[in-house]
Amino acid sequence: MRKIILYIAASLDGYIARPDGDTSWLHDKRYMLEGEDYGYSTFLQSIDTTLMGHNTYKVVLGFKEPSPFPAKANYVFSRSSHPDTKQVQFVQQDAAEFVKELKQQPGKGIWLIGGGQINTLLLNAGLIDEFILTYIPIILGSGIPLFAAGAQERQLQALESKSYRNGFVQLWLQPS
Ligand SMILES: NC(=O)c1ccc[n+]([C@@H]2O[C@H](COP(=O)([O-])OP(=O)(O)OC[C@H]3O[C@@H](n4cnc5c(N)ncnc54)[C@H](OP(=O)(O)O)[C@@H]3O)[C@@H](O)[C@H]2O)c1
């Protein structure tokens, strides 16, 4: 069965964006390590599908790169109806049921991009198979949390951890 992998970066205090959705702090030049992509390109090759909430999609649309990922199947969850685009299919039906079915189909890994609301929905449904969390050495104090209110307690076990010279710490976890 295909795996759902939550691959995401968070501040030390567990936020994935500032209150207004800003994620520029992730790309602060002070963190730059020449030639280091924290496993991103290898990860990208391992997946052929992405999942994201509508709020995340709206942020991604503002990025310079072709968005979200032209060569992948991209699904965006929303409670309201939106026309599909060349790159994106909107999912209005029960999100957990949709993801369960997607996992049964043949294919590569499925990247759960976020954000906090969709992470929580799929966490509570027990559908996240792996977590690759990159902690950035910054305390934001407020913002959009990695998991929205209502996330249920869940124990995870470590698969691997990596630390980088710039203070980034990457945790690879799976449900125990
Ligand atoms: N740090 C990182 O690596 C990272 C990664 C990803 C995202 N982010 C940030 O996270 C922020 C967004 O997170 P978020 O928690 O606000 O929102 P989100 O999870 O991205 O999207 C929430 C939206 O998803 C839809 N939704 C929620 N529950 C649903 C359900 N049960 N069924 C169908 N659709 C449902 C709703 O869309 P409608 O309102 O259209 O109904 C809701 O407004 C952005 O600022 C983004 O930049 C950061």
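Parameters at a glance
- Residues numbered from 1 in each chain as written.
- Predicted model: local features only at pLDDT ≥ 70, side-chain atom pairs only at ≥ 80, totals over all residues.
- Heavy atoms only, no water.
- Salt bridge = Lys/Arg side-chain N within 4 Å of Asp/Glu carboxyl O.
- Buried < 20%, exposed > 50% of the residue type's maximum accessible area, 1.4 Å probe, protein only.
- Helix = DSSP H or I, 4+ residues; strand = E, 2+ residues; numbered from the N terminus.
- Near = heavy atom within 4 Å.
- Polar contact = N/O pair within 3.5 Å; in protein donor to acceptor, adjacent residues only side chain to side chain.
- Areas by Shrake-Rupley, 256 points an atom, 1.4 Å probe, with all protein chains shown as cover.
- Phe/Tyr/Trp six-rings, centres within 6.5 Å; stacked < 30°, edge-to-face > 60°.
- Contact = heavy atoms within 4.5 Å.

Some words on the pattern of salt bridges
Here comes step 1: Applying the stated criterion across every chain, the model contains six salt bridges.
Here comes step 2: Residues aspartate 22 and arginine 18 are paired through a salt bridge, measuring 2.6 Å at the closest nitrogen-oxygen approach.
Here comes step 3: Judged by its relative accessible area of 30%, arginine 18 is partly exposed.
Here comes step 4: Between aspartate 129 and lysine 103 there is a salt bridge, with the nearest N and O atoms lying 2.9 Å from each other. Of this pair, aspartate 129 sits in the loop between helix 4 (116-124) and strand 7 (130-136) while lysine 103 sits in helix 3 (residues 95-104); the two residues are 26 residues apart in sequence, bridging distant segments of the chain.

Looking at the site of the ligand
Here comes step 1: Inspection of the region around the ligand gives 24 residues, with Ala9, His54, Thr56, Ser78 and Arg79 positioned closest.
Here comes step 2: Within the backbone of isoleucine 118, an N or O atom sits 3.1 Å from an oxygen atom of the ligand.
Here comes step 3: When isolated, the ligand has an accessible area of 950 Å², and the protein chains bury 85% of it.
Here comes step 4: When contributions to the shell around the ligand are tallied by element, the ones reaching two or more residues are strand 1 (4-11), strand 2 (15-17), helix 2 (54-60), strand 6 (109-114) and helix 4.

Some words on the packing of aromatic side chains
Here comes step 1: For the structure shown, the criterion picks out twelve aromatic pairs.
Here comes step 2: Here tyrosine 7 and phenylalanine 43 contribute two aromatic rings whose centre-to-centre distance is 4.2 Å and whose plane-to-plane angle is 10°, an arrangement assigned as stacked. A residue pair is termed long-range when its members are at least 10 positions apart, and tyrosine 7 in strand 1 and phenylalanine 43 in helix 1 (residues 40-45) qualify at 36 residues. Here tyrosine 7 matches phenylalanine 43 in class, with each residue buried.
Here comes step 3: When the ring of tyrosine 38 is compared with that of tyrosine 164, the centres are 4.9 Å apart and the planes differ by 80°; the resulting orientation is edge-to-face. Of this pair, tyrosine 38 sits in the loop between strand 2 and helix 1 while tyrosine 164 sits in the loop between strand 9 (156-163) and strand 10 (169-175), placing them 126 residues apart in sequence.
Here comes step 4: Take tyrosine 38: its relative accessible area is 15%, and that puts it in the buried class.
Here comes step 5: An aromatic cluster is built from Tyr7, Tyr40, Phe43, Phe69 and Trp111, whose rings are joined through pairwise contacts.

A few points about the environment of glycine 107
Here comes step 1: Within the secondary structure, glycine 107 sits in the loop between helix 3 and strand 6.
Here comes step 2: Accessibility expressed as a relative area gives 47% for glycine 107, which makes it partly exposed.
Here comes step 3: Taking the C-alpha atoms as reference points, glycine 107 and isoleucine 47, separated by 60 residues in sequence, lie 8.3 Å from one another.
Here comes step 4: If near-sequence neighbours (up to four positions away) are discounted, glycine 107 is found in contact with Arg2 and Asp48.

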